[in-house]
Amino acid sequence: MTEIQENIQKIIAEIPSHVQLVAVSKTHPNQAIIEALEINQFHFGENKVQELTQKAESLPKKIFWHMIGHLQSNKVKYIVDFVHLVHGVDKEKLLKEIDKRADQNHKKVNILLQMHIAKEDTKFGFDTTEIRALLDSDLANKYPNVIVKGLMGMATFTENKLQIAAEFKELHKIFEQYKTYYPNFDTLSMGMSNDYKIAIDEGSNLIRVGSNIFGNRNYN
Ligand SMILES: *Cc1c(COP(=O)(O)O)cnc(C)c1O
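Rules of the game
Residues numbered from 1 in each chain as written. Predicted model: local features only at pLDDT ≥ 70, side-chain atom pairs only at ≥ 80, totals over all residues. Heavy atoms only, no water. Salt bridge = Lys/Arg side-chain N within 4 Å of Asp/Glu carboxyl O. Helix = DSSP H or I, 4+ residues; strand = E, 2+ residues; numbered from the N terminus. Buried < 20%, exposed > 50% of the residue type's maximum accessible area, 1.4 Å probe, protein only. Arc of directions from axis to C-beta. Contact = heavy atoms within 4.5 Å. Polar contact = N/O pair within 3.5 Å; in protein donor to acceptor, adjacent residues only side chain to side chain. Phe/Tyr/Trp six-rings, centres within 6.5 Å; stacked < 30°, edge-to-face > 60°. Near = heavy atom within 4 Å. Areas by Shrake-Rupley, 256 points an atom, 1.4 Å probe, with all protein chains shown as cover. Nonpolar A, V, L, I, M, F, W, Y, C, P; charged D, E, K, R; others polar. Core = buried A, V, L, I, M, F, W, Y, C linked by side-chain atoms within 4.5 Å.

### Some words on the pattern of salt bridges
So, step 1. The tally for this structure, following the rule as stated, stands at nine salt bridges.
So, step 2. One salt bridge connects Glu51 with Lys55, and the closest N-O pair in it is separated by 2.7 Å. Of this pair, Glu51 and Lys55 both sit in helix H3 (residues 49-58), four residues apart, which is roughly one turn of the helix.
So, step 3. Accessibility expressed as a relative area gives 5% for Lys55, which makes it buried.

In C-alpha cells:
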C-alpha cells in the first residue's frame, strides 16, 4: 500500500459512513489520483478549470469530479458536460450561466451555493442576507437546469477551534432551515485537512481533503 492509499484509508476509518470524502488532487499528478482510484476513492476535487479538464480527459471516466474553486462565468462551458458537482457558486450571474450552458448541453448540473462564513475577506461567497434572499427566490423555477444540492463554506484559517465551530454552525443552521423547501438539498460541504473533524461535528456530510492525503502542494 502506498502512502496516499494509507492516508485515505486512515481518514475513511475515522469519519462516519454518511460523510463523503472528496480527495483534493489540485497540483498533484495523475499518478497520485490513480493510486487513490486503486483503493476505490472515486471523488476528486480540483480548483482550476484548465487542470480539471486536462485531468478529466486523461484519467478514467468513472471518476466523479468536483469543481471546488472559484469559477468564472466564462469558463463554465468547459466543465458543464462532465462535472459532478460545482461547489463554489458565489454569484447569481454564475448560476444563470450554469443554467444556460446546462440547457445547451441537455444536462442538469449539480451545484452548491458558497457562503462566506470566515472572518477573513479573502474568501468568496454570499453573506447571510444574500444567501437567504437567493434561496427565498424560487431558484428551481428560475434555473430549471441547475440542481441546488446544498451549501459549501470555508472557515477562517485559525487555531481557534471555537471560532471554526461557530462558523460551521452558522452554515449548518441555514442548511437545515432550507432543506424543507429544497427537495434536493442533501449536501453540506465543509471541512478541509485542518478542520474536517470540527466540520463533521457541526453537521458536514462532505469533506474536501487535500494535504492530509497527497502531502504538501508545490505551486511552481
Ligand atoms: C485546496 C482546497 C481544499 C483542500 O485543502 P487542504 O487543506 O489541502 O485539505 C479544500 N477546499 C477548497 C475549496 C480548496 O481550495
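Additional details are given in the paragraphs that follow.
### Focus: helix H5 (residues 128-135)
Helical geometry: 3.6 residues make up each α-helical turn, so side chains three or four residues apart lie on a common side.
So, step 1. Along H5, the residues that are buried comprise Ile131, Leu134 and Leu135. For H5, the angular spread of the buried residues around the axis is 95°, confining them to a single face.
So, step 2. Buried residues along H5 sit against helix H4 (92-104), strand S5 (109-115), helix H6 (139-142), strand S6 (146-153) and helix H7 (161-179).
So, step 3. With a side-chain oxygen lying 3.1 Å from the backbone nitrogen of Thr129, the N-terminal cap of H5 falls on Asp127.

### Quick word on the packing of aromatic side chains
Where two aromatic rings form a pair, the distance of their centres and the angle of their planes describe that pair.
So, step 1. One pass over the structure, following the stated rule, counts four aromatic pairs.
So, step 2. Ring-pair connections join several aromatic residues into one group, and the members of that group are Phe175, Tyr182 and Phe185.

### Quick look at the site of the ligand
So, step 1. Looking at the ligand, the residues that line it are Val24, Lys26, Ile68, Met152, Met154, Met192, Ser193, Arg208, Val209, Gly210, Ser211 and Arg217.
So, step 2. Contact distances for the ligand include 2.8 Å between a nitrogen atom and a side-chain N or O atom of Arg208.
So, step 3. Between the ligand and Arg217, the relevant distance is 2.7 Å, taken from an oxygen atom to a side-chain nitrogen or oxygen of the residue.
So, step 4. For the ligand, the accessible surface in isolation is 380 Å², of which the surrounding protein chains cover 91%.
So, step 5. Each residue belonging to the shell around the ligand can be placed in one class, and the counts come to six nonpolar, three polar and three charged.

### Details of the nonpolar core
So, step 1. Formed by 64 residues in total, the largest nonpolar core has its most connected members in Ile111, Leu113, Leu135 and Leu151.
So, step 2. The dominant element in this core, judged by the number of residues it contributes, is H7, at seven residues.
So, step 3. Each residue touching Leu135, except ones within four places of it in the same chain, is listed here: Leu113, Leu151, Ile174, Tyr178, Tyr182 and Phe185.
So, step 4. Val22, Leu85, Met152 and Leu206 belong to the second largest nonpolar core, which has five residues in total.

So, to be careful, I would describe these as geometric facts and stop short of saying anything about function.
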